Amino acid sequence: MPKNYRDIQTRDDLHLCMSEFYIKLLADNKISPVFEEIAKIDLGPHLLELVDFWQQILFDAGSYRKNVLQIHTDLNQKIKLTEEHFVIWLRYFNTTIDENFAGPIAENMKTRALSIATVMKIKL
């Protein structure tokens, strides 16, 4: 049951989602090496980029202009992104949203994440 029954509304809400999401991802040894050892993300700036991305997707606001597919194509050349990676990613993503928010924007965020993951799997 969500701790917070309101919908995602602000950049701070998105930052909370991404922060909580990455706590889960980085604690899972089946997927954390992709981020920590292969992509070598710098978590602080990475979270801000993710917030920019989702702000653009959900609210048509912000300045995110990177090519997400190309970023993941480049990563896939370093380590094959498997079906298991996508399943884990989506599970933590959806769980994080459900634990913190409820409403049409939260549901849209989960739907968009599934669509993006599906396209990436096909293209990679």
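For the structure itself, consult the block above.
First, a word on what this report is: a plain description of the structure on this page. The structure presented is a predicted model; accordingly, all values stated were derived computationally and were not measured.

1. Observations regarding the pattern of salt bridges
Close approach of charged atoms lets side chains of opposite charge pair.
Phase 1 of the analysis: Per the stated rule, a full pass over the model turns up nine salt bridges.
Phase 2 of the analysis: Between R6 and D13 there is a salt bridge, with its nearest N and O atoms 2.5 Å apart.
Phase 3 of the analysis: Of the residues examined, R6 reaches a relative accessible area of 33% and is grouped as partly exposed.
Phase 4 of the analysis: Under the relative-accessibility criterion, D13 is labelled buried at 4%.
Phase 5 of the analysis: Here K66 ties to E49 by a salt bridge, and the two come within 2.5 Å at their closest N and O atoms. Here K66 is found in the loop between α3 (43-59) and α4 (68-78), whereas its partner E49 is found in helix α3, with 17 residues between them in sequence.
Phase 6 of the analysis: Look at E49 and you get partly exposed, because its relative accessible area is 32%.
Phase 7 of the analysis: One continuous salt-bridge network, built from bridges that share partners, spans D98, E107 and K110.

2. Considerations on the packing of α3 against helix α6 (residues 104-123)
Phase 1 of the analysis: Two elements in contact, α3 and α6, have axes whose closest approach is 11 Å; the angle formed by their N-to-C orientations is 110°. One finds that α3 runs roughly perpendicular with respect to α6. In this structure, α3 contributes F53, W54, I57, L58 and F59 to the contact, and α6 contributes I105, N108, M109, R112, A113 and I116.
Phase 2 of the analysis: By residue class, the composition of the contact of α3 with α6 is nine nonpolar, one polar and one charged.

Conventions used here
- Per chain, the residues get numbers from 1 upward, laid out in the order the sequence is written.
- Reporting in this predicted model follows two pLDDT cut-offs: at least 70 for local features of residues, and 80 or more for side-chain atom pairs to be given and counted; totals over whole chains, interfaces and linings ignore these cut-offs and use all residues.
- The basis for the side-chain values is all heavy atoms of the structure; hydrogens and waters are excluded.
- Any Lys or Arg side-chain nitrogen located within 4 Å of an Asp or Glu carboxyl oxygen qualifies as a salt bridge.
- A 1.4 Å probe rolled over the protein chains alone gives each residue an accessible area, and that area as a share of the maximum for its type sets the label: buried under 20%, exposed over 50%, partly exposed in between.
- Strands are runs of DSSP state E lasting at least two residues, helices are runs of H or I lasting at least four, and both sets are numbered from the N terminus onward.
- Axes here refer to lines fitted to C-alpha atoms; in helices the fit is confined to the stretch in contact. Angles between the N-to-C directions go from 0 to 180 degrees.
- These descriptions rest on fixed angle ranges, namely under 35 degrees for roughly parallel, over 145 for roughly antiparallel, 65 to 115 for roughly perpendicular, and the rest for oblique.
- Contact between two residues is taken to exist if any of their heavy atoms lie within 4.5 Å; hydrogens are not considered.
- All residues other than Ala, Val, Leu, Ile, Met, Phe, Trp, Tyr, Cys, Pro, Asp, Glu, Lys and Arg, Gly among them, are scored as polar; the first ten of these are nonpolar and the last four charged.

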